[in-house]
Amino acid sequence: MPDDMDATARRIARFIKPLRVKPGSKVDLGRDFDPRYKAGIRRKKDGLELLRVGKELLADYQARLAAQERYGVLVCLQAIDAGGKDGTIRHVMSGMNPQGVHVSSFKVPSAEELGHDYLWRYQARLPARGDIAIFNRSHYEEVLVVRVHPENLERQKLPAHSTGKDIWQSRYAEINDWERYLTRNGIIVVKLFLNLSKEEQRARFLKRIDLPEKNWKFSAADVRERQHWDEYQRAFEQMLSATSTPSAAWYVIPADRKWFARLCAGAVLAHTLIKIDPRYPTVSQDAWQQLQTARRELEAEAPEGTPADPFTAAGKRRRGQRPAVADPARGALTVAPALGRVHERSFGRLDTPSRPTRFRINEIFGRIRRPAMGSCVTTTRPSAAKPGHAWP
Ligand code: AMP
Ligand code: MG
């Protein structure tokens with residue numbers, strides 16, 4: 001990874017560290033996590049700018065994840081009603097290629113789902129390698145709503161031997177085992193709990209009543225559910241304490257400010273993708289030779305009066321130049337097809353992308369200083385370079 005990417009990765013890691021539930025710790029939400037925490041970011045405007053920059057980074061990593069097809073990412077979102085799950089999904093994922101991102105929302109289980117073991121419906125929605133799956137509510141409902149309302153458990157048709165007093169401890173262990181299995185198989189599990197205060201939930205419910213365009217979101221059942229606030233808080237605490245593991249830790253996202261919650265969710269996902277460090281597939285020297293042969297054949301077909309290769313003729317890439325990033329660490333040639341397109345879209349002509357990765361990273365953080373030959377590079381987001389906009 002280039003130097004500045006290392007620094008960015010470190011900043012993101014530092015930013016999300018206070019949100020991580022240390023495996024083995026006993027969580028007390030009131031004591032350990034403040035729903036109004038905002039990491040010293042004073043202005044919402046700054047937070048939104050960071051999220052915008054972070055979304056570009058996510059889009060770039062997601063493209064690589066999809067191209068590599070080795071790892072899948074499962075993002076589990078849990079929250080109390082009005083916690084902001086839908087908005088988080090909408091805002092954080094909006095920059096990514098929809099082909100590689102799938103959202104599944106889990107509701108009250110259907111008759112068919114109740115006819116199976118409790119993890120069945122979640123297993124069916126796991127991401128394929130290269131994909132990001134988002135669970136809007138997840139298998140954790142099985143130790144949350146099912147625990148707070150035991151009549152849900154009765155509907156699950158479980159055999160008597162598995163419904164004893166230790167059922168919740170057993171479920172935690174089963175979930176941990178399942179997630180360990182997934183992680184070992186390359187399906188990385190990211191767990192986000194949006195931590196909303198009771199007062200902010202009250203305000204959001206009232207807003208749903210006050211604003212006609214939000215009326216559809218209001219549910220009287222949600223207000224009834226609010227009467228079980230304390231039971232839910234205890235269920236969340238026990239879930240966080242028992243299922244934050246070294247390979248699949250929970251992050252408690254301060255949710256009273258929507259913009260900050262979205263920023264945190266994006267940062268945790270970015271941290272995960274940076275750790276995976278997906279790469280574009282590599283081509284061997286032989287494959288490179290075959291590309292050159294194909295090039296010669298295609299160029300020979302050029303109609304009279306047209307350039308042999310319209311792409312290089314337009315100055316988008318120098319003839320003969322490898323559209324690739326030399327990766328000495330791997331001793332291989334990493335083809336970076338998307339990078340060329342990104343330069344083009346963002347900055348117009350870029351004749352000598354000799355270090356595409358570096359350019360991309362520079363672009364992300366608005367620090368481009370040197371225009372390439374024959375190109376006009378403008379930094380369209382100078383504000384991103386201000387200290388206030390660096391990851392805090
Ligand atoms: P919403 O997310 O507002 O559309 O509501 C979905 C509803 O489904 C919530 O009231 C959840 O508590 C409920 N739900 C989700 N998963 C389960 C489950 N496994 N068992 C029972 N209820 C569930
Ligand atoms: Mg609801």
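In this report, we go over the structure that sits alongside the text.

Cut-offs used in this document
- Residues numbered from 1 in each chain as written.
- Chains lettered and ligands numbered in written order.
- Predicted model: local features only at pLDDT ≥ 70, side-chain atom pairs only at ≥ 80, totals over all residues.
- Heavy atoms only, no water.
- Helix = DSSP H or I, 4+ residues; strand = E, 2+ residues; numbered from the N terminus.
- Polar contact = N/O pair within 3.5 Å; in protein donor to acceptor, adjacent residues only side chain to side chain.
- Phe/Tyr/Trp six-rings, centres within 6.5 Å; stacked < 30°, edge-to-face > 60°.
- Buried < 20%, exposed > 50% of the residue type's maximum accessible area, 1.4 Å probe, protein only.
- Lys NZ or Arg CZ within 6 Å of the ring centre and 35° of its normal.
- Axes fitted to C-alpha atoms, helices over the stretch in contact; angles between N-to-C directions.
- Parallel < 35°, antiparallel > 145°, perpendicular 65-115°, else oblique.
- Left-handed = near helix turned anticlockwise from the far one by under 90°.
- Contact = heavy atoms within 4.5 Å.
- 1 Å grid on protein atoms, 1.4 Å probe; cavity = no way out; pocket = protein on both sides within 12 Å on 5 of 7 lines; lining within 4 Å.
- Points joined across faces, edges and corners; volume = space filled by probe spheres on them.
- Nonpolar A, V, L, I, M, F, W, Y, C, P; charged D, E, K, R; others polar.
- Near = heavy atom within 4 Å.
- Sits in = over half its atoms within 2 Å of the grid points.

1. Observations regarding the side chain of Asp46
Inference 1: Tracing the chain through its elements places Asp46 in helix H3 (residues 44-68).
Inference 2: Here the side chain of Asp46 touches Arg43 through a polar contact of 2.9 Å, side chain to side chain.

2. What about the packing of aromatic side chains?
Inference 1: Applying the stated criterion to the full structure yields 10 aromatic pairs.
Inference 2: With a centroid separation of 6.0 Å and 80 degrees between ring planes, the pair formed by Tyr37 and Phe260 is classed as edge-to-face. Of this pair, Tyr37 sits in the loop between helix H2 (29-32) and H3 while Phe260 sits in helix H13 (residues 258-276), placing them 223 residues apart in sequence.
Inference 3: Between Trp259 and Phe260, the ring centres sit 5.7 Å apart and the planes meet at 85 degrees, which makes this aromatic pair edge-to-face. As far as burial versus exposure is concerned, Trp259 and Phe260 are alike and both buried.
Inference 4: Taken together, the aromatic side chains of Phe15, Tyr37, Trp259 and Phe260 make up a single cluster linked through ring pairs.
Inference 5: Over the ring of Tyr61 we find Arg64, and its NZ or CZ is 4.3 Å from the ring centre.
Inference 6: The positively charged end of Arg171 is found above the aromatic ring belonging to Tyr118, 3.9 Å away from the centroid.

3. A word on the packing of H3 against H13
Inference 1: In the contact formed by H3 and H13, the axes pass within 9 Å of each other and the chain directions differ by 30 degrees. Judged by the angle between their axes, H3 and H13 are roughly parallel. For the pair H3 and H13, the sense of crossing is left-handed. In this structure, H3 contributes Lys44, Gly47, Leu48, Leu50, Leu51, Leu57, Leu58, Tyr61 and Leu65 to the contact, and H13 contributes Trp259, Arg262, Leu263, Gly266, Leu269, Ala270, Leu273, Ile274 and Ile276.

4. Side note on empty space enclosed by the protein
Rolling a probe over the atoms, with the probe sized like a water molecule, indicates the empty space that remains.
Inference 1: Evaluation of the coordinates by the stated rule reveals 7 cavities of 30 Å³ or more.
Inference 2: The space that makes up the largest cavity amounts to roughly 100 Å³.
Inference 3: Around the largest cavity, the lining residues are Pro109, Glu113, Leu114, His116, Asp117, Tyr118, Trp120, Arg121, Glu142, Gln156 and Leu158.
Inference 4: Elements with a contribution of two residues or more to the lining of the largest cavity: helix H5 (111-114) and helix H6 (120-123).
Inference 5: Looking at the lining of the largest cavity, its residues break down into 5 nonpolar, 2 polar and 4 charged.

5. Observations concerning unusual backbone geometry
Inference 1: Positive phi values are uncommon outside glycine, yet Ala82 reaches one of about 70 degrees.
Inference 2: Following the sequence through the fold, Ala82 ends up in the loop between strand S1 (72-79) and helix H4 (85-93).
Inference 3: Residue Lys157 is not a glycine yet carries a positive backbone phi of 55 degrees.
Inference 4: One can find Lys157 in the loop between helix H8 (151-154) and helix H9 (167-184).
Inference 5: Of the residues examined, Lys157 reaches a relative accessible area of 62% and is grouped as exposed.

6. Things to note about the site of ligand 1
Inference 1: Every residue near ligand 1 is listed here: Phe106, Lys107, Val108, Pro109, Arg121, Tyr122, Arg137, Glu141, Glu142, Val145, Val146 and Asn152.
Inference 2: The separation between a nitrogen atom of ligand 1 and a polar side-chain atom of Arg121 is 3.1 Å.
Inference 3: In the environment of ligand 1, an oxygen atom lies 2.7 Å from a nitrogen or oxygen atom belonging to the side chain of Arg137.
Inference 4: In a pocket analysis with a 2 Å cut-off to the grid points, ligand 1 is assigned to the largest pocket.
Inference 5: For the shell around ligand 1, the elements supplying multiple residues, two or more each, are H6 and helix H7 (145-148).
Inference 6: Looking at the shell around ligand 1, its residues break down into 6 nonpolar, 1 polar and 5 charged.

7. Observations concerning the packing of H4 against H13
Inference 1: Two elements in contact, H4 and H13, have axes separated by 9 Å at closest approach and are oriented at 60 degrees. By the criterion of interaxial angle, the relationship of H4 to H13 is oblique. Here H4 and H13 pass one another in a crossing that is right-handed. Residue-level contacts link Gly87, Thr88, His91, Val92 and Met93 of H4 to Arg262, Ala265, Gly266 and Leu269 of H13.
Inference 2: Residue composition of the contact of H4 with H13, grouped by class: 4 nonpolar, 4 polar and 1 charged.

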